Amino acid sequence: FVPLTAPATSSNTNEATTPFLLPTGLISTKVTDRVTLSGQTGYQSSFGSWDMMNVGGVHNEFIYIPMEVGTGAGVVRYNRDTGLSTTLLGGNNTGVFSSTPGTWSPLNDDFGAIDPAVITPTNTLVVAEEWTGNGRMFEISNPHTATSVANSSVTWLSNIPSVSHEGIKFDSQGRMYFIDENSSGSLYRMTPAGAGDLTLGKVEVMSVDGFGGDPSLAGTGQAGRTGAGEWLEIIDSSGNALTTADPFDFTARGGRTAADEVGATPFGRPEDLEISTLANGNEAIFMATTDENIVWTIELDADGLGGVNVSEFINSLTTPSSQSSPVGVGANDAVYGIDDVDNLAVDFGPNGELQLFIVEDENPSDIWVATDADGDGIADIIDLFASLGVPGSEATGFIIDPRGGYLVNIQHPASANDALWSITQVSAVPIPAAVWLFG
């Protein structure tokens, strides 16, 4: 595509028909919206702020949409073939969140800021609480078949420490990585005690060897956060805390305090994660930090068990292919430049080059794509792929659609009508003509 060279404006976008400014050859099509689903059985009036979704089902017909509202949050399964939604988890909107797993019931509790929704390697669905709630993570074992919240099989993964969850991803060995979305947030990983069993396992936090600062302070600006690093254990494989601080304190984000105790490296508000493989065969985690306008590469060693190597994948000094100067920071929404990096999605270009899509946490927001042609974990160029022009909104949950193209949510627009959109290439041959030509 020919990259955009300026953000969207109110004059070249329209919320109802063309919310995104796109390169020539791409079009956006609405899949569904909040107004449409609000009239369906089980869809709660509190369900808004659609966020980081995932796709599942035998034919990739299901789209799992988490609701990032402060109270009354939950997750909905939307069937794009039938247009019908099913609520899998929904809070009672009381603002009271359980902190005692032993007496907990998913049918009598509130949930806060559910984000994201992630299909696991065993085809279950993991969701978690971010900025409200108690920083809990939940697993739904029957996400494809549940017909309502009443028969949705939900487990509170109470062995996962309490943090402000957002990005969650799995590596090829089934280990789960997650972050703490905080100004001094860290990167965590959980190794299941049994294959695919997320109810019990070892939890570690990442520490960069060269970091000598205060782990409890904001990561932004602190030195020594690139280079070799290691994983520090805070919960053993039997689920026992190894720190004086209680990582299972679900009233005070205990996982953050435990990470600080062992000297985990802080980053400036980590948001989303992606995992891919570099040219040398090692897996790498890409982590966006909103406060820093940096996407980091955390390269795992060959077996993934020992150390890591941390580098910056992109920052404001990365040069766009459409210009000869660095991309810079977009000082406001109308200025060209990358700002407040948030959601990530990984794809590959026509020659196998790694492409990382980066969505801004802005109002409204831009979507960038950074290209790593040689697979070394450092982007060579970055381009403006799409720009949202809807007032009061941000683009969220951008993912590669298994059916082709991309899916993206428009969250909390001024109209309050959250919406799910598809971005695809314009067909070179109209469908009826194609059918005639090829029988």
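Up top you'll find the structure we're talking about.
Fair warning: this is a prediction, and the values are worked out from it, not measured in the lab.

About the thresholds
- As a convention, each chain's residues are numbered from 1 in the sequence order in which they are written.
- Residues qualify for local features only when their pLDDT is at least 70, as the model is predicted, and side-chain atom pairs are given and counted only at 80 or more; totals for whole chains, interfaces and linings, by contrast, use all residues.
- Heavy atoms from the whole structure form the basis of all side-chain values; hydrogens and water molecules are not counted.
- Criterion used throughout: strands pair if DSSP finds at least two bridges between them.
- Strands are runs of DSSP state E lasting at least 2 residues, helices are runs of H or I lasting at least 4, and numbering of each runs from the N terminus.
- What counts as an axis is a line fitted to C-alpha atoms, over the stretch in contact for a helix, and the angles between N-to-C directions run from 0 to 180 degrees.
- Classification of residues uses two cut-offs on accessible area relative to the type maximum, computed with a 1.4 Å probe and protein chains only: under 20% is buried, over 50% is exposed, and between them is partly exposed.
- The charged-residue count follows a simple rule in which Lys and Arg add positive charge and Asp and Glu add negative charge, with His and chain termini not counted at all.
- The term salt bridge refers to a side-chain nitrogen of Lys or Arg lying within 4 Å of a carboxyl oxygen of Asp or Glu.
- We call two residues in contact whenever any of their non-hydrogen atoms come within 4.5 Å of each other.
- Each nonpolar core is a collection of buried residues, namely Ala, Val, Leu, Ile, Met, Phe, Trp, Tyr and Cys, held together in the definition by side-chain atoms within 4.5 Å.
- Only protein atoms enter the 1 Å grid used here, on which a cavity is any set of points holding a 1.4 Å probe that cannot leave and a pocket is any open set flanked by protein within 12 Å on both sides along at least five of seven lines; residues with an atom within 4 Å of a point are listed as lining.
- Grid points are joined across faces, edges and corners, and a volume is the space filled by probe spheres set on the points.

Colleague: Would you mind going over the sheet that holds strand S25 (residues 406-411) with me for this structure?
Modeller: Each strand in a sheet pairs with another by means of backbone hydrogen bonds, the pair being arranged parallel or else antiparallel. Taken in spatial order, the 4 strands make up an open sheet running S2-S26-S25-S24, and their pairing is antiparallel. A single partner strand is all that each edge strand has here, and the edge strands are strand S2 (26-33) and strand S24 (394-400). Averaged over all adjacent pairs, the angle separating strand axes in this sheet is 25°, with direction ignored. Looking at chain direction, S25 and strand S26 (residues 419-425) are connected through 5 bridges and run antiparallel.

Colleague: Before we go on, may I ask you to explain the side chain of Glu166 in this structure?
Modeller: Checked against the element boundaries, Glu166 lands in the loop between strand S10 (154-156) and strand S11 (168-170). No salt bridge is formed by the buried Glu166; the nearest opposite charge belongs to Arg269, separated by 6.1 Å. Setting aside residues up to four positions removed in sequence, Glu166 forms contacts with Met52, Asp115, Pro116, Glu130, Ile179, Glu181, Glu271, Asp342 and Asn343.

Colleague: What is the right way to look at the pairing of strand S16 (residues 270-277) in this model?
Modeller: Put simply, side chains in a regular strand alternate between the two faces of the sheet. Summarising burial for S16: 7 of the 8 residues are buried, a large majority. Summarising the sheet, S16 and strand S17 (residues 283-289) pair through 6 bridges and their orientation is antiparallel. Of the residues in S17, the one forming a bridge with Thr277 is Glu283.

Colleague: Mind showing me how you'd approach the sheet that holds strand S7 (residues 114-119) here?
Modeller: As summarised here, the arrangement of the 4 strands in space is S7-S8-S9-S10, forming an open sheet in which the pairing is antiparallel. With partners counted over all chains shown, the strands left at the sheet margins are S7 and S10, one partner each. Put simply, the sheet's adjacent strands are angled 20° from each other on average, direction ignored. As judged from the 3 bridges shared by strand S9 (residues 137-140) and S10, these two strands associate in the antiparallel manner. Each bridged residue has a counterpart across the sheet, and for Glu139 the counterpart in S10 is Thr155.

Colleague: Please explain the nonpolar core as it appears in this structure.
Modeller: In globular proteins that are soluble, nonpolar side chains generally tend to be buried together. Counting residues in each nonpolar core, the largest one holds 34 residues, and the members touching the most others are Ile63, Met67, Val75, Leu125 and Val127. Elements that contribute at least two residues to this core include exactly strand S4 (62-67), strand S5 (74-79), strand S6 (84-90), S7, strand S8 (125-129), S9 and S10. For this core, the element with the most residues is S4, which contributes 5 residues. Contact partners of Ile63, with chain neighbours within four places excluded, come to Met53, Asn54, Val55, Val76, Arg77, Tyr78, Arg80, Leu407 and Leu420.

Colleague: Sorry, what's going on with unusual backbone geometry here?
Modeller: Most of the time, phi is negative for any residue but glycine, and the peptide bond is trans. Backbone torsion omega between Asp115 and Pro116 reads 5°, so that peptide bond is classified as cis. Here Pro116 shows up in strand S7. The peptide bond linking Asn363 to Pro364 adopts the cis configuration, its omega dihedral lying at -15°. Along the polypeptide, Pro364 turns up in the loop between strand S21 (354-360) and strand S22 (366-372). Positive phi is not limited to glycine here, since Asn93 has a value of about 65°. When you line up the elements, Asn93 lands in the loop between S6 and S7.

Colleague: Looking at this structure, how should I read the pattern of salt bridges?
Modeller: Once the charged atoms of two side chains with opposite charge are near each other, the side chains can pair. Considering all chains together, one arrives at 15 salt bridges under this definition. A salt bridge links Asp272 to Lys169, with the shortest nitrogen-to-oxygen separation between them at 3.9 Å. Taken together, the residues span a long stretch of sequence, with Asp272 in strand S16 and Lys169 in strand S11 at a distance of 103 residues. Judged by relative accessible area, which is 2%, Asp272 ranks as buried.

Colleague: Is there a simple way to think about empty space enclosed by the protein in this case?
Modeller: Gaps left between atoms show up when a probe the size of a water molecule is rolled over them. Scanning the entire structure with this criterion turns up 1 cavity of 30 Å³ or more. Put simply, the largest cavity is a space of about 50 Å³. If you trace the largest cavity, you find it lined by Gly330, Asn332, Asp333, Val335, Gly337, Asp339, Glu360, Glu362, Pro364, Ser365 and Asp366.

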